[in-house]
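# Analysis of the macromolecular model
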Amino acid sequence: MSILGVESAIFGVADLAEHTRFWTDFGLPLEKADEHEATFRLASGSRVTLYRHGDARLPSPDPFPGDGLKETVWGVESAEALGRIAASLATEVAVRRDDDGTIHCTCPDGQPIALRVWAKRPVVSEASPVNTPGHYPRFNQHRIWRRRAIPKTINHVVFFSPDYVGSFEFYERHMGFRYVDHSKGTGIFSRADGTFEHHAIFWVNCDLPIAPDHFKFMHIAFGMDDIDEVMLGANIMEAKGWKNQTMNSSGGISRHRISSAIYYYCDMPGKAGEAEYHADTDYLDDNWVPRAWDFRFGSLLWSNNAPPIFRGDNIPWDMAFDADRASFEPFRKTGPGKLPVTGRLADITQADEHAI
């Protein structure tokens, strides 16, 4: 079906000026700003658009209270592919089409999405080779000297879901998303079929003790060239007064084991969620074999400030290939409501959220 990634992230906010300042300081190139909206466009052509609450261009009804990402617009490679997706979605949910051909619907978990044809731009990107004691490809060269962080792509979006297995299977059924990895009881990572980044979307289990009981935005991740760019961004944001206050941003710079990615969260204004600087993730295609992980083993390889549940030497090295999706079954729902959370998952607190 060739979905090429996130074409636009549509935010609803209370303080348009403050959110515009945040994204400008974060490094997104500002394309348009007036009293009603602000739009930023990345090198890939992806956009971040801000509207005030109540703007007619936002989904109605509002999918969750407060500021945050209200609609995810997925870019599709052709009109033919968009037509096939629209027809498939219409067998399960109501689909609305704009005059420009963009289609909109609401997923069963409450997530508003849209899809439109997108001429995604190629991105020019470079990182310095990494030297080791026995291998030094950067010989007689210094590393690239960077001045600031410049996000180039939207790598992924993350949402809380009241049925995370069902959320993934809806995306797979109608839009061709691929199963990549399962953090058992925590959530499913999924890749759009026209992308190579480890995941384009991750759904977090609403049954966890730290989660809301309804669909909600968690964070959005932007592709950076390397760890230097991530840390420059972190330093610049702090220097400009953007102090991280939430538990989900308290870990500082970290690296996931499950996707290999280096990441750093910045708290958005208005408790809207987090913006993530994201570098050195795994890239993969349809030869990838999905895996199921113990959530503590998969979440962190290291962290500047590892949350309590991820500390210690008693974390099991627990990963198994999962092509048959057997790991889904204990977490599959046949109707509304919560499934009991057991084991260490039941011990997760707000202090642990950063690593999930």
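Residues numbered from 1 in each chain as written. Predicted model: local features only at pLDDT ≥ 70, side-chain atom pairs only at ≥ 80, totals over all residues. Heavy atoms only, no water.

## Quick notes on the packing of aromatic side chains
Counted only if it meets this: Pairing of aromatic side chains here covers Phe, Tyr and the six-membered ring of Trp, requires ring centres within 6.5 Å, and sorts the geometry by plane angle: under 30 degrees stacked, over 60 edge-to-face, intermediate tilted. Each helix is a run of H or I in the DSSP string that is no shorter than four residues. Each strand is a run of E no shorter than two, and both are numbered from the N terminus. For every residue, the accessible area (1.4 Å probe, protein chains only) is compared with the maximum for its type, and the residue is labelled buried under 20%, exposed over 50%, or partly exposed between those bounds.
Applying the stated criterion across every chain yields a total of 27 aromatic pairs. Ring geometry for Phe168 against Phe328: centres 6.1 Å apart, planes inclined by 85°, an arrangement best described as edge-to-face. In this pair, Phe168 is assigned in helix 3 (residues 164–175) and Phe328 in the segment after strand 19 (319–321), connecting sequence segments 160 residues apart. According to the relative accessible area criterion, Phe168 is buried, its value standing at 0%. Note on Phe328: relative accessible area 0%, which makes it buried. Ring centres of Tyr171 and Phe177 lie 4.8 Å apart, and the angle between their planes is 85°; on these two criteria the pair is classed as edge-to-face. In this pair, the class of Tyr171 matches that of Phe177, namely buried. Members of the aromatic cluster, each reached through a chain of ring pairs, are Phe11, Phe22, Trp23, Phe26, Phe64, Phe159, Phe215, Phe217, Phe222, Trp242 and Tyr277.

## So, the sheet that holds strand 10 (residues 178–183)
To keep it simple, the criterion reads: In this scheme, strands are said to pair when DSSP sees at least two bridges between them. Any two residues whose heavy atoms approach within 4.5 Å at even a single point are treated as in contact. Fitted lines through C-alpha atoms give the axes, limited to the stretch in contact for helices. The angle between two N-to-C directions lies from 0 to 180 degrees.
Taken in spatial order, the 11 strands line up as 18-14-15-16-13-9-12-11-10-17-19 in an open sheet, and their pairing is mixed. Lying at the two open borders of the sheet, with one neighbouring strand each, are strand 18 (302–303) and strand 19. Note that strand 14 (residues 254–255) and strand 18 share 2 bridges and pair antiparallel. Bridge pairing in strand 18 links Arg255 to Trp302. Running over the sheet, helix 1 (residues 16–26) touches strand 13 (216–223), strand 15 (262–267) and strand 16 (274–279) and is turned about 10° from strand 16. Together, strand 9 (153–161), strand 10, strand 11 (187–191) and strand 12 (201–205) form the strand contacts of helix 3, whose direction differs from that of strand 12 by roughly 155°.

## A closer look at the nonpolar core
Filter applied, for reference: Grouping buried Ala, Val, Leu, Ile, Met, Phe, Trp, Tyr and Cys residues that are joined through side-chain atoms within 4.5 Å yields what is termed a nonpolar core.
If you look at the biggest cluster of nonpolar residues, it comprises 66 residues, and the most contacted ones within it are Phe11, Trp23, Trp74 and Leu115. If sequence neighbours within four positions are ignored, Trp23 has contacts with Phe11, Leu28, Phe40, Val48, Leu50, Ile220, Phe222, Met268 and Ala275. In terms of nonpolar packing, the next biggest core, distinct from the first, is built from 27 residues, Phe160, Phe295, Ile309 and Ile348 among them.

## Digging into the side chain of Asp322
To keep things clear, this is the line we draw: A residue counts as positive if it is Lys or Arg and as negative if it is Asp or Glu; His and the chain ends are not included. What makes a salt bridge here is a side-chain nitrogen of Lys or Arg within 4 Å of a carboxyl oxygen of Asp or Glu, nothing more. Pairs of N or O atoms within 3.5 Å make up the polar contacts considered here, provided that, within protein, one atom can donate a hydrogen while the other can accept it, and that residues adjacent in sequence are counted only when both atoms are side-chain atoms.
Turning to its location among the elements, Asp322 is positioned in the segment after strand 19. The buried charged residue Asp322 lacks any salt bridge partner; its closest oppositely charged side chain belongs to Arg325, at an N-O distance of 6.9 Å. At a separation of 3.2 Å, a polar atom in the side chain of Asp322 contacts the main-chain amide nitrogen of Ala326. Once residues within four sequence positions are removed from consideration, Asp322 is found in contact with Tyr179, Pro290, Arg291, Ala292, Ser327 and Phe328.

## A few points about the layout of surface pockets
Under the convention used in this document: A pocket here means an open set of points on a 1 Å grid, computed over the protein atoms alone, that has protein on both sides within 12 Å along at least five of seven lines. A cavity is instead a set of points where a 1.4 Å probe fits but cannot get out; residues with an atom within 4 Å of a point line either one. Grid points are joined across faces, edges and corners, and a volume is the space filled by probe spheres set on the points. Each residue gets one label: Ala, Val, Leu, Ile, Met, Phe, Trp, Tyr, Cys and Pro are nonpolar, Asp, Glu, Lys and Arg are charged, and the others, such as Gly, are polar.
Of the volumes computed, that of the largest pocket is approximately 510 Å³. Taken together, 27 residues make up the lining of the largest pocket; nearest its centre are Ser125, Met224, Asp225, Asp280 and Tyr283. Space inside the second largest pocket adds up to approximately 420 Å³. Lining of the second largest pocket is provided by 22 residues; of these, Thr246, Asp267, Lys271, Gly273 and Glu274 occupy positions nearest its centre. Counting residues per element, the lining of the second largest pocket draws most heavily on strand 13, at 3 residues. By residue class, the composition of the lining of the second largest pocket is 10 nonpolar, 6 polar and 6 charged.

## Let's talk about helix 4 (residues 227–239)
How we decide: The span one expects for a helix is its residue count, reduced by one, times 1.5 Å.
The end-to-end C-alpha distance of helix 4 is 18 Å, a good match for the 18 Å that 13 residues give at a rise of 1.5 Å each. What helix 4 keeps buried is the set Glu229, Val230, Gly233, Ala234, Ile236 and Met237. On its buried side, helix 4 packs onto helix 1, strand 15 and strand 16. The N-cap of helix 4, judged by a side-chain oxygen 3.2 Å from the amide nitrogen of Asp228 a few residues on, is Asp226.

## Some points on empty space enclosed by the protein
The gaps of empty space that remain are located by a probe, the size of a water molecule, rolled over the atoms. Counted by the stated rule, this structure contains 2 cavities of 30 Å³ or more. One number sums up the size of the largest cavity: a volume of about 110 Å³. Along its surface, the largest cavity is lined by 13 residues, and Phe189, Phe202, His219, His256 and Tyr265 are the ones closest to its centre. Put simply, the parts of the chain that give the lining of the largest cavity at least two residues each are strand 9, strand 13 and strand 16. Of the residues belonging to the lining of the largest cavity, the class tally is 6 nonpolar, 5 polar and 2 charged. Each pocket or cavity is described by its volume, and for the second largest cavity that value is around 70 Å³. Taken together, 13 residues make up the lining of the second largest cavity; nearest its centre are Leu4, Gly5, Val6, Lys120 and Ile154. Elements that contribute at least two residues to the lining of the second largest cavity include exactly strand 1 (3–13) and strand 9. Within the lining of the second largest cavity, the residues separate by chemical class into 5 nonpolar, 6 polar and 2 charged.

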